[in-house]
Amino acid sequence: MTTEMLTLCFAARPSPNGELNILGATDIIIVPQFPIAISCSLVAKVRFQKIEEGVKEIKFSIIDSDGKTLQPAPPTQQVNIQIPSGSSSASAAIVVAIHNLQFPKAGEYEIGLAINGRQEMTVPVFVRLPVPPPSGQPPLVP
């Protein structure tokens, strides 16, 4: 199994044809103040080999820099992997929408992906206030 992608984005939708439409994939979120709540999606694309067919349990996590869970984890997803005849592998796109994801303070957070209870990948997400501009100029966004 290979994790091809793990990201936080502002909208995502898998299509029946296997395409994955993602809007606003990012690892930096600029917000006007703290605490703040945002709506977003967590997206993973995972490739499985023929010998890995079957039901997989997919779980996302979101933790802060102290290792504390940011809020209750999104519900576990189950995906039944079936490799088409004549193919050696197949990918699965997993999209989980989160409404009102709470960020209590600026900092580095971590999105995690576990499959069948094993951590497969993590990616950082930096949540920040806008950088103060030099006098008389609009704010700079890193």
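The text that follows walks through the structure, step by step, so that each part is easy to find. (Residues numbered from 1 in each chain as written. Predicted model: local features only at pLDDT ≥ 70, side-chain atom pairs only at ≥ 80, totals over all residues. Heavy atoms only, no water.)

Within the protein chain, the regular secondary structure consists of 0 helices and 10 strands. Element order for the protein chain, N to C, with α for helix and β for strand: β-β-β-β-β-β-β-β-β-β. Expressed along its principal axes, the backbone C-alpha trace of the protein chain runs to roughly 65 × 30 × 20 Å. When burial is assessed residue by residue, the protein chain has 32% of its 142 residues classed as buried. In the protein chain, once contacts between residues fewer than 6 apart in sequence are set aside, the share between residues at least 24 apart is 67%. When the accessible area of the protein chain is evaluated, it comes to approximately 8100 Å², of which 52% is carbon and sulfur surface. A gap of 3 Å separates the mean positions of the 10 positive and 11 negative side-chain charges of the protein chain. (Helix = DSSP H or I, 4+ residues; strand = E, 2+ residues; numbered from the N terminus. Buried < 20%, exposed > 50% of the residue type's maximum accessible area, 1.4 Å probe, protein only. Contact = heavy atoms within 4.5 Å. Areas by Shrake-Rupley, 256 points an atom, 1.4 Å probe, with all protein chains shown as cover. Lys, Arg positive; Asp, Glu negative; His and termini not counted. Charge placed at Lys NZ, Arg CZ, Asp CG, Glu CD.)

On to the packing of aromatic side chains. Within this structure, the stated rule accounts for 1 aromatic pair. A centroid spacing of 4.9 Å and a plane angle of 70 degrees characterise the contact between Phe 103 and Tyr 109, whose relative ring orientation is edge-to-face. In this structure, Phe 103 and Tyr 109 share a single accessibility class: buried. (Phe/Tyr/Trp six-rings, centres within 6.5 Å; stacked < 30°, edge-to-face > 60°.)

Another aspect to go through is the nonpolar core. Membership of the largest hydrophobic core comes to 32 residues, with the highest contact counts inside it found for Phe 60, Leu 101 and Phe 103. Among the secondary structure elements, those contributing two or more residues to this core are strand E1 (2–9), strand E5 (36–49), strand E6 (54–63), strand E7 (77–81), strand E8 (89–103), strand E9 (107–115) and strand E10 (118–128). Residues in contact with Leu 101, not counting those within four places in the same chain, are Leu 8, Ile 36, Ala 37, Ile 38, Cys 40, Ile 62, Leu 70 and Gln 71. (Core = buried A, V, L, I, M, F, W, Y, C linked by side-chain atoms within 4.5 Å.)

Looking now at the sheet that holds E9. Spatial ordering of the open sheet is given by E4-E10-E9-E6-E7, a layout of 5 strands whose pairing is mixed. Both outer strands of the open sheet, strand E4 (28–30) and E7, are each paired with one neighbouring strand and no more. Here the strands of the sheet are splayed against their neighbours by 25 degrees on average, with no regard to which way each runs. Pairing between E6 and E7: 5 bridges, direction antiparallel. Across the sheet, Lys 56 pairs through a bridge with Val 79, a residue of E7. (Pairing = 2+ DSSP bridges. Axes fitted to C-alpha atoms, helices over the stretch in contact; angles between N-to-C directions.)

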